[in-house]
Amino acid sequence: MTVSETTTAAGAEALRPHAEDAFADELKALTAADDRPRPARWRLSPWAVATYLLGGALPDGTVITPKYVGPRRLVEVAVTTLATDRALLLLGVPGTAKTWVSEHLAAAVSGDSTLLVQGTAGTPEEAVRYGWNYAELLAHGPSREALVPSPLMRAMSEGMTARIEELTRIPADVQDSLITILSEKTLPLPELGQEVQAVRGFNVIATANDRDRGVNELSSALRRRFNTVVLPLPATPEAEVDIVSRRVDQVGRSLDLPPAPDGLAEIRRVVTVFRELRDGVTTDGRTKLKSPSGTLSTAEAISVVTNGLALAAHFGDGVLRAGDVAAGILGAVVRDPAADRVVWQEYLETVVRERDGWKDFYRACREASA
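Just so it is clear, the structure is predicted and the values come from calculations on it, not from any experiment.

The rules behind these values
Residues numbered from 1 in each chain as written. Predicted model: local features only at pLDDT ≥ 70, side-chain atom pairs only at ≥ 80, totals over all residues. Heavy atoms only, no water. Helix = DSSP H or I, 4+ residues; strand = E, 2+ residues; numbered from the N terminus. Rg over C-alpha atoms; globule rule 2.2 N^0.38 Å. Buried < 20%, exposed > 50% of the residue type's maximum accessible area, 1.4 Å probe, protein only. Areas by Shrake-Rupley, 256 points an atom, 1.4 Å probe, with all protein chains shown as cover. Lys, Arg positive; Asp, Glu negative; His and termini not counted. Charge placed at Lys NZ, Arg CZ, Asp CG, Glu CD. Axes fitted to C-alpha atoms, helices over the stretch in contact; angles between N-to-C directions. Left-handed = near helix turned anticlockwise from the far one by under 90°. Contact = heavy atoms within 4.5 Å. Core = buried A, V, L, I, M, F, W, Y, C linked by side-chain atoms within 4.5 Å. Salt bridge = Lys/Arg side-chain N within 4 Å of Asp/Glu carboxyl O. Parallel < 35°, antiparallel > 145°, perpendicular 65-115°, else oblique. Nonpolar A, V, L, I, M, F, W, Y, C, P; charged D, E, K, R; others polar.

Notes on the overall build of the chain
Piece 1. For the chain, the count of helices and strands is 18 helices and 11 strands.
Piece 2. Taking 2.2 N^0.38 as the reference for a compact globule, 370 residues should give roughly 21 Å; the C-alpha atoms of the chain span a radius of gyration of 23 Å, in line with that estimate.
Piece 3. In terms of overall dimensions, the chain has a C-alpha envelope of 70 × 50 × 40 Å along the principal axes.
Piece 4. For the chain, the residues scored as buried account for 46% of the 370 residues in total.
Piece 5. Carbon and sulfur atoms make up 53% of the accessible area of the chain, which totals about 18,000 Å².
Piece 6. Considering the chain, the positive charge centre built from 41 side chains and the negative charge centre built from 49 side chains are found 5 Å apart.

A closer look at the packing of helix α15 (residues 298-315) against helix α16 (residues 322-333)
Piece 1. Running from N to C, α15 and α16 point in directions that differ by 145°, and their axes come no closer than 8 Å. In this structure, α15 meets α16 at a crossing whose hand is right-handed. Contact with α15, carried on its side by Val-304, Gly-308, Leu-311 and Ala-312, involves Asp-324, Val-325, Gly-328, Ile-329 and Ala-332 of α16 and no other residues of that element.

Description of the nonpolar core
Piece 1. Formed by 37 residues in total, the largest nonpolar core has its most connected members in Val-273, Phe-274, Ile-329, Trp-344 and Phe-361.
Piece 2. Of all the secondary-structure elements, those providing two or more residues to this core are α13 (237-254), α14 (264-279), α15, α16, α17 (339-352) and α18 (359-369).
Piece 3. Of all the elements, α16 adds the most residues to this core, at 7 residues.
Piece 4. When neighbours within four sequence positions are excluded, Phe-361 is seen to be in contact with Glu-266, Arg-269, Val-273, Ala-322, Val-325, Ile-329 and Val-352.
Piece 5. In this structure, Ala-155, Ile-170, Leu-182 and Val-196 belong to the second largest nonpolar core, which totals 35 residues.

A word on unusual backbone geometry
Piece 1. The backbone of Ala-97 shows a phi angle near 70°, a positive value even though the residue is not glycine.
Piece 2. By the secondary structure assignment, Ala-97 is in the loop between β3 (87-91) and α6 (98-110).
Piece 3. Positive phi values are uncommon outside glycine, yet Lys-185 reaches one of about 55°.
Piece 4. Position of Lys-185 among the secondary structure elements: in the loop between α11 (178-184) and β8 (186-189).

Here's the deal with the pattern of salt bridges
Piece 1. Summed over the entire model, instances satisfying the criterion amount to 20 salt bridges.
Piece 2. Among the ionic pairs, Asp-242 bridges to Arg-246, the shortest N-O distance being 3.1 Å. Remark: Arg-246 and Asp-242 occur in helix α13; sequence separation between them is 4 residues, near one turn of the helix.
Piece 3. Ionic pairing is found between Asp-317 and Arg-321, a salt bridge with its closest N-O pair at 2.6 Å.

Digging into the packing of α13 against α14
Piece 1. Axis separation between α13 and α14 bottoms out at 9 Å; the angle between their running directions is 125°. Considered as vectors, α13 and α14 are oriented oblique to each other. Judged by the twist between their axes, the crossing of α13 over α14 is right-handed. For the pair α13 and α14, the contacting residues are Pro-237, Glu-240, Val-241, Val-244 and Ser-245 in the first and Leu-264, Ile-267, Arg-268, Val-271, Arg-275 and Arg-278 in the second.
Piece 2. Along the lines of polarity and charge, the residues of the contact of α13 with α14 split into 6 nonpolar, 1 polar and 4 charged.

Below is the structure:
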């Protein structure tokens, strides 16, 4: 078996394939149908990239599934930014699909979403610039052979799209090492008296949110080098239900979970609970609510429903019911055992208990809370 065949086989068995592997057929169809101008080293035109993210039908009948459900203009601005020399910063509260959108943008633009720097409090400067193979360094001294390129350095050399996740979690001094890369499109190598110049096609997509603890604010110098696109929470309950349904179906298929008949009703209830507690008011606007400490994001709703689907498949009759999602909702809402439990109990007794058609959900939540 060749290396490429081995890689393909491994990708087929991957628990969570990269976007360019999971949607390879759609990308191939878009490439064949795309006759519009493409920026240097882009796999698709900006129009085709936007179509890949937002979905649509091609002239040959191929259906492109939506990867992002939201305002079209936001996607168009994000794609256009990548076609310029400015980097893209996707900003939003947790669970607004920032990582998902950045991965699919990189897959559509460069055909490779793996040039990734994961931001943490311990991310070193080497992860952004370059490191060294110390055995080679000690044996032969500083050289290009001893240098270990970072994902950004590789992207600069190859004209690709690099990704930086959770930019505000990276220490401020490491963040600042991006300034020269983004403004001058150059990475100095002072140990060698050389530099790496970015070739056409290079750009950076970063994600960040300012809701989590332990973040480092971006300096004004660094923020100026990004074009910021704020990804909002789903505007309507219908949009959020659609997003959760699509992602649960995708995740369920990757885990070989059977589809749950009549699962849409429970998805609507999970979304309703999350939106009401998140917004601090019931859907009809009549009752004000206390909000828990958690974000209750769309991503968490997807996780709750997926876990419920697994419970229904492995320990139930395959039908997604209130009891399958109740424990997951409790875990998502009650993050602070003292304050959040009071919020949850009040919501159960004043809203859920009195809502028509929710008696089974109320009983399941009471049992999970006991």
